[in-house]
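The primary structure of each chain is shown beneath.
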Amino acid sequence: MDWNENRTNLLTNVGELQKLSPDIVRGYLTISGAGRKTEQMDEKTRQLISLAVAVTTRCDGCIAIHSAEALKSGATREELAEALSVAVAMNAGAALVYSTRALEAFGAAEHG
């Protein structure tokens, strides 16, 4: 995948959506910027969290945008690797938790 092209295309397409549905894009931008107003975390931390969440939600567009923003905010490859290790752990943890739900559902079907 050409991540730079993906990012450019995504931003172009969001611009097109904004022409058709400005309130939706404005609402997204409001939500997206709300966390910055508290100034409790720096931009680099927000971008690294965004990348970890993008991985867990499997959003290529988010990965494209937030990778560039993380780099621009001073994130290193080592910091990115640490953030991504959290994403891996969270996905594994979610699979573990939902595995217990599958066991419960299977047990209910057996008795049911």
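Presented here is a report on the structure given in the accompanying data block. These numbers come from a predicted model, not from an experiment.

A word on the packing of helix 3 (residues 43-57) against helix 4 (residues 60-72). Orientation of helix 3 relative to helix 4, taken along the N-to-C sense of each, is 160°, at an axis distance of 9 Å. When the axes of helix 3 and helix 4 are compared, the pair comes out roughly antiparallel. In the crossing of helix 3 with helix 4, the sense of the turn from one axis to the other is left-handed. Note on element contacts: helix 4 touches helix 3 through Cys62, Ile63, His66, Ser67, Glu69 and Ala70, opposite Gln47, Ser50, Leu51, Ala54 and Val55. Partitioned by chemical class, the residues of the contact of helix 3 with helix 4 number six nonpolar, four polar and one charged.

All right, on to the layout of surface pockets then. The space that makes up the largest pocket amounts to roughly 580 Å³. Every residue lining the largest pocket is counted, 21 residues in all, and those nearest its centre are Tyr28, Leu29, Ser32, Ile65 and His66. The set of elements that each furnish at least two residues to the lining of the largest pocket consists of helix 1 (3-20), helix 2 (22-34), helix 3 and helix 4. Partitioning the lining of the largest pocket into residue classes produces ten nonpolar, seven polar and four charged. A volume near 190 Å³ is recorded for the second largest pocket. If you trace the second largest pocket, you find it lined by Leu48, Leu51, Ser67, Ala68, Ala70, Leu71, Ala75, Thr76, Arg77 and Leu80. Secondary structure elements with two or more residues in the lining of the second largest pocket: helix 3, helix 4 and helix 5 (77-110). For the lining of the second largest pocket, the element with the highest residue contribution is helix 4, accounting for four residues. Of the residues in the lining of the second largest pocket, the class split is seven nonpolar, two polar and one charged.

Right, let's talk about helix 5 for a bit. Taking 1.5 Å of rise per residue, the 34 residues of helix 5 would be expected to cover 50 Å, and the 49 Å separating its terminal C-alpha atoms lies within 8% of that figure. On its buried face, helix 5 sits against helix 3.

So, how was this worked out
- Residues numbered from 1 in each chain as written.
- Predicted model: local features only at pLDDT ≥ 70, side-chain atom pairs only at ≥ 80, totals over all residues.
- Heavy atoms only, no water.
- Axes fitted to C-alpha atoms, helices over the stretch in contact; angles between N-to-C directions.
- Helix = DSSP H or I, 4+ residues; strand = E, 2+ residues; numbered from the N terminus.
- Parallel < 35°, antiparallel > 145°, perpendicular 65-115°, else oblique.
- Left-handed = near helix turned anticlockwise from the far one by under 90°.
- Contact = heavy atoms within 4.5 Å.
- Nonpolar A, V, L, I, M, F, W, Y, C, P; charged D, E, K, R; others polar.
- 1 Å grid on protein atoms, 1.4 Å probe; cavity = no way out; pocket = protein on both sides within 12 Å on 5 of 7 lines; lining within 4 Å.
- Points joined across faces, edges and corners; volume = space filled by probe spheres on them.
- Expected span 1.5 Å × (residues − 1).

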